[in-house]
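Fold and contact review
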Amino acid sequence: MSRLKDVFAKKGKNVLNVYCTAGFPQVNSTLPVMQALQDSGADIIELGMPYSDPLADGEVIQNSSTIALQGGMTLSLLFEQLKPMRNQIHIPVVLMGYMNPVLQYGFEKFCADAAAAGVDGLILPDLPPFEFETTYKAIVDRYGLSFIFLVTPETSETRVRKLDALSSGFLYAVSSSSTTGNEKDFAAVEQYLERLQHYGLNNPVLVGFGIKDQDTFSRACKYANGAIIGSAYIKALDGQTDLAATTRHFIKNVLG
Amino acid sequence: MQVSYKQPDEQGYYGEFGGAYIPEMLYRNVEELRENYLEIIADPAFQKEYQLLLTDYAGRATPLYYAARLSEKYGTNVYLKREDLCHTGAHKVNNTIGQILVAERLGKKRIIAETGAGQHGVATATVCALKGLECIVYMGEKDIERQAPNVARMKMLGATVIPAKSGSKTLKDATNEAIRDWINNPNDTFYIIGSVVGPHPYPDMVARFQSVISKEIRAQLAEKIGTELPHAVIACVGGGSNAAGTFYHFLDEPSVGIYAVEAAGCGIDTHMSAAATQLGKPGILHGSKSFLMQTADGQVEEPYSISAGLDYPGIGPMHANLFVTGRGTFLNATDQEALDAAFELAKLEGIIPALESAHALAALNKVSFAKDDHIVVCLSGRGDKDMETYMKAMGTKV
Ligand SMILES: Cc1ncc(COP(=O)(O)O)c(C=O)c1O
C-alpha cells in the first residue's frame, strides 16, 4: 500500500499535514525540519519548492521562499538533499510548487527524481486540469506519484467531482478562496466542508489555508479527514535556532 | 492547428503559447470572463457605448500622420499612428474603456489593476472615475518612487494606490499582488490587466480592444495612399498591447512586415536588459506560457529598461508565437538608441514621444526600407511622463 493510502487507512480522521519550505530557515535545514515534524507527530509533510513568484501563497510563505532562494536553494540541490530522506523519514512527503521551475528542470526528470527520492505526491497549483490531463498525467502516473488538486468554496459540484477523479492521495480543500495565511470566518468554511462531505468523494479531504492552532485544526477536522498547516508554522520557525524544540512546541499546541 | 495569428484556439493557445495556468482559486473568475467576454463584446449595445467613449471621451480616431522630415531622413515614407494623442496620453485607455464596460456588464463593483510606469494605472483610475467604481491599483514600491507624477494622477482620480513590497518591488510583483487580491475577493472584483498577458482570455480580450489601432490604420491608409496595406508596421513591446493592436489586422496579410521592438536596456549581453525573446526561454508567468527571462533554475529574472513600461520579464503569448513562427521580426533597442530616437523625433517633427514608443522609432535605424515603401510606426504614448529622464539626458538639473 502507498504511504499516503496507508495514513488514511490507519487514521481516517485528524490527519495532520504540515507545510515547510525547502531551504528554510537555512538552506541546509530541509531534512532537519522534516525530521522534527515527523518526531512531533505530523502525519504528512508538504514540502514547498521555493519560487520567485508564488501566486497562490501569501506573504509569509513568499518570504520564506525568498530566504530559501537567497540561501541558494534550487531543485537540483533539493533532490540532492532528499537522497537520504527515506533512511529517516517514513511518513508521506508531498512536493508543492509552481510549474515554471518544474518545466525548466524538465517535467519527466522532475517526476523521476522525485520518485527516486521517495516522494509520494505532487501539488502544482498553477497546473490546470486540462493541461494535466492532456500532457502531464501520463508522466506522473508512470512514476507512481500521486497528484493532488485544490478545490475552493467557489468550485462547482461538477468540477469538484472532476478534480476528485483526477486526484489521488487526497483532495486539498482550500478553506476560503484566499491565499495562504488569512484569517477565516469559520462558519462559512464549515458549510462548505459539509457540502464536500455529502458528495461522497473518492479521495480523503484535507483542509488547507488559515489553520493555525488547536481550535481551527479540530474544527476543520470535524468535516474533513484532516487539515494542512502552512503559514502559521513558517511564522513559528522564523528567527528560531532550535528547530526541533520550536516544532515540538508548535505541533503540541495544534494537537493539544 | 493555427487558424490565425491574431486569435488563440479554444483553450487560449497561440501555437504552443498561452493557456490559463492559474490556481483553482482564480478559476471561477477567469471562467466567468471566458464564458462571457465574446458575447458581451459582440453585443450591439456594448459596441455602441464602447465606440462612443472611444470617440468622444478618448478622442479617437487618432491621426495617422505622415512624418515628412522623418521620411526624408530615412529615405522612405513614415507614418506615425498618434496614440500619444489619446486621453491620458497613451494607447492604454483603449483597453481600460473596453474592460470597464465588460466589468460593468458582469456586475462587478470593485476594480483592481497593476501598473509599472503608471500609465495603465492612470488609464484604469480614469475609467473608474468615469463609471463611479472603486479602483485599487497595485504598483511596485520602487516604481512608486520613480513615477511620482502618475501616482499623484491616480490619487487625484480617486484611486487607492497600494505598494507591492514583495520580490523585486516592480511591475511583476505588482501583478502578483493584484492576482492575490483577486484570489481574496472572488465575488465582487474585476481585474483590469494592462497588456496582452495573463491567463486566457485576457491576451485575446486586450488584443481585441487594442485592435482599433490597426483597424483605423487600414482605413486611413486607404484614404491617403489608396491601399489599406502598408509594407511594414513597427511597434514597441513591453507586454505587447500596443504592438498587438498595431499588428492585429495585418497579421493575416502576408505582404505586411511585422516588426516588434523590445527594450535592450544597456545591451543584450549586459544582464541589464528586458528583451524577453532574446534572453528568455519558454516558461509560465502570470497565468500563461510564453517567453520568459529566467534563471537556469526557473526563477523569474528581474528585467531592466530605462523605460518603465517595457521593464517586464515576459511578453504576451501572441508575440511569442509570432517570434517562433517567424511571422514577426523581433528587434531591440538600447536605452541610448531610444533616447536618440526620442530627441530626433522632437527636433524633426515637434513631437516628444514616450520612452517606450521611442524604442519603436529606433527601429528605423535598424531596418532599411525602400523609397516607395509605406511604413507605420505606432507612437504609443507621449513623453510628458518621461521629462525627468529626458532632462537628465540633456544634462539639465531636475
Ligand atoms: C506609452 C507606452 N507604450 C508602451 C507601453 C508598453 O506596454 P505594451 O507593450 O502593452 O503596449 C507602455 C506601458 O506602460 C506605455 O505607457
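Source: prediction; values computed, not measured. (Residues numbered from 1 in each chain as written. Chains lettered and ligands numbered in written order. Predicted model: local features only at pLDDT ≥ 70, side-chain atom pairs only at ≥ 80, totals over all residues. Heavy atoms only, no water.)

1. Here's the deal with the UniProt feature "active site" (unreviewed entry) in chain A
All names here are of chain A. According to UniProt, the feature "active site" (unreviewed entry) maps to Glu46 and Asp57 in the numbering used here. Looking at the secondary structure, you find Glu46 in strand β2 (residues 44-48). Here Glu46 falls in the buried class, since its relative accessible area comes to 2%. Here Glu46 is in contact with Asn17, Val18, Tyr19, Cys20, Val94, Met96, Ile123, Tyr172 and Ile228, once residues within four sequence places are set aside. The residue Asp57 is located in the loop between β2 and α3 (59-70) in this model. (UniProt positions renumbered as here; feature names shortened; annotations may be inferred. Helix = DSSP H or I, 4+ residues; strand = E, 2+ residues; numbered from the N terminus. Buried < 20%, exposed > 50% of the residue type's maximum accessible area, 1.4 Å probe, protein only. Contact = heavy atoms within 4.5 Å.)

2. Some details on the interface of chain A and chain B
By a widespread convention, an interface's size corresponds to the accessible area lost as its parts come together. Opposite the 37 residues of chain A that make contact, chain B presents 36 residues. For the pair chain A and chain B, the summed buried area comes to about 2,900 Å², and 51% of that belongs to carbon and sulfur atoms. Measuring nitrogen to oxygen at the nearest pair gives 2.8 Å for the salt bridge that ties Arg159(A) to Glu24(B). Among the elements of the structure, α3, α6 (99-105), α8 (129-142), β6 (150-151) and α9 (157-166) of chain A are those that each provide at least two residues to the side of chain A that touches chain B. For the side of chain A that touches chain B, the class distribution of residues is 20 nonpolar, eleven polar and six charged. (Buried area = accessible area lost by both parts, 1.4 Å probe. Salt bridge = Lys/Arg side-chain N within 4 Å of Asp/Glu carboxyl O. Nonpolar A, V, L, I, M, F, W, Y, C, P; charged D, E, K, R; others polar.)

3. Re the domain arrangement of chain B
All names here are of chain B. Along its sequence, chain B is organised into domain 1 (13-53 + 93-205) and domain 2 (59-90 + 211-393). Distance from the C-alpha centre of domain 1 to the C-alpha centre of domain 2: 22 Å. Contact with domain 1, which involves 35 residues of that partner, is made by 39 residues of domain 2. Taking both sides of the interface into account, the surface hidden between domain 1 and domain 2 amounts to around 2,900 Å²; carbon and sulfur atoms contribute 61%. Counting across the domain 1 and domain 2 interface gives one salt bridge. Here Asp311 and Arg146 are joined by a salt bridge, their closest N and O atoms 3.5 Å apart. Applying the counting rule to domain 1 against domain 2 returns 13 residue pairs in polar contact (both at pLDDT 80 or more). Mapped by element, the contributors of at least two residues to the side of domain 1 that touches domain 2 are β2 (17-18), α4 (92-105), α5 (119-131), α7 (148-156), α8 (171-184) and α9 (202-210). With five residues, the single largest contributor to the side of domain 1 that touches domain 2 is α8. Classifying every residue of the side of domain 1 that touches domain 2 by side-chain character gives 15 nonpolar, 15 polar and five charged. (Domains from an automatic or database assignment. Polar contact = N/O pair within 3.5 Å; in protein donor to acceptor, adjacent residues only side chain to side chain.)

4. Remarks on the packing of aromatic side chains
Residues and elements named next belong to chain A. Tallying each qualifying case throughout the model produces 22 aromatic pairs over all chains. For the ring pair Phe79 and Tyr105, a centre distance of 5.5 Å and an interplane angle of 45° mean the geometry is tilted. A residue pair is termed long-range when its members are at least 10 positions apart, and Phe79 in helix α4 (residues 75-82) and Tyr105 in helix α6 qualify at 26 residues. Both rings, one in Phe107 and one in Tyr136, keep their centres 4.5 Å apart while their planes meet at 45°; by these two values the pair is tilted. Placement of Phe107 in helix α7 (residues 107-117) and of Tyr136 in helix α8 is noted, with a sequence separation of 29 residues between them. Tyr136 matches Phe107 in its accessibility class, with the two residues each being buried. (Phe/Tyr/Trp six-rings, centres within 6.5 Å; stacked < 30°, edge-to-face > 60°.)

5. A short note on the UniProt feature "domain: Tryptophan synthase beta chain-like PALP" (unreviewed entry) in chain B
Feature annotation in UniProt places "domain: Tryptophan synthase beta chain-like PALP" (unreviewed entry) on residues 58-381 of chain B, given in this structure's numbering. Helix makes up 40% of residues 58-381 of chain B and strand makes up 21%, while its end C-alpha atoms are separated by 13 Å.

6. Description of the sheet that holds strand β4 (residues 121-123) of chain A
Residues and elements named next belong to chain A. Pairing is parallel in the open sheet, where nine strands are placed in the order β5-β4-β3-β2-β1-β9-β8-β7-β6. Strands with a single pairing partner mark the edges of an open sheet, and in this sheet they are β5 (146-147) and β6. Relative to strand β3 (residues 93-96), β2 runs parallel, the two sharing four bridges. When the sheet's bridge partners are listed, Gly48 is paired in β3 with Met96. (Pairing = 2+ DSSP bridges.)

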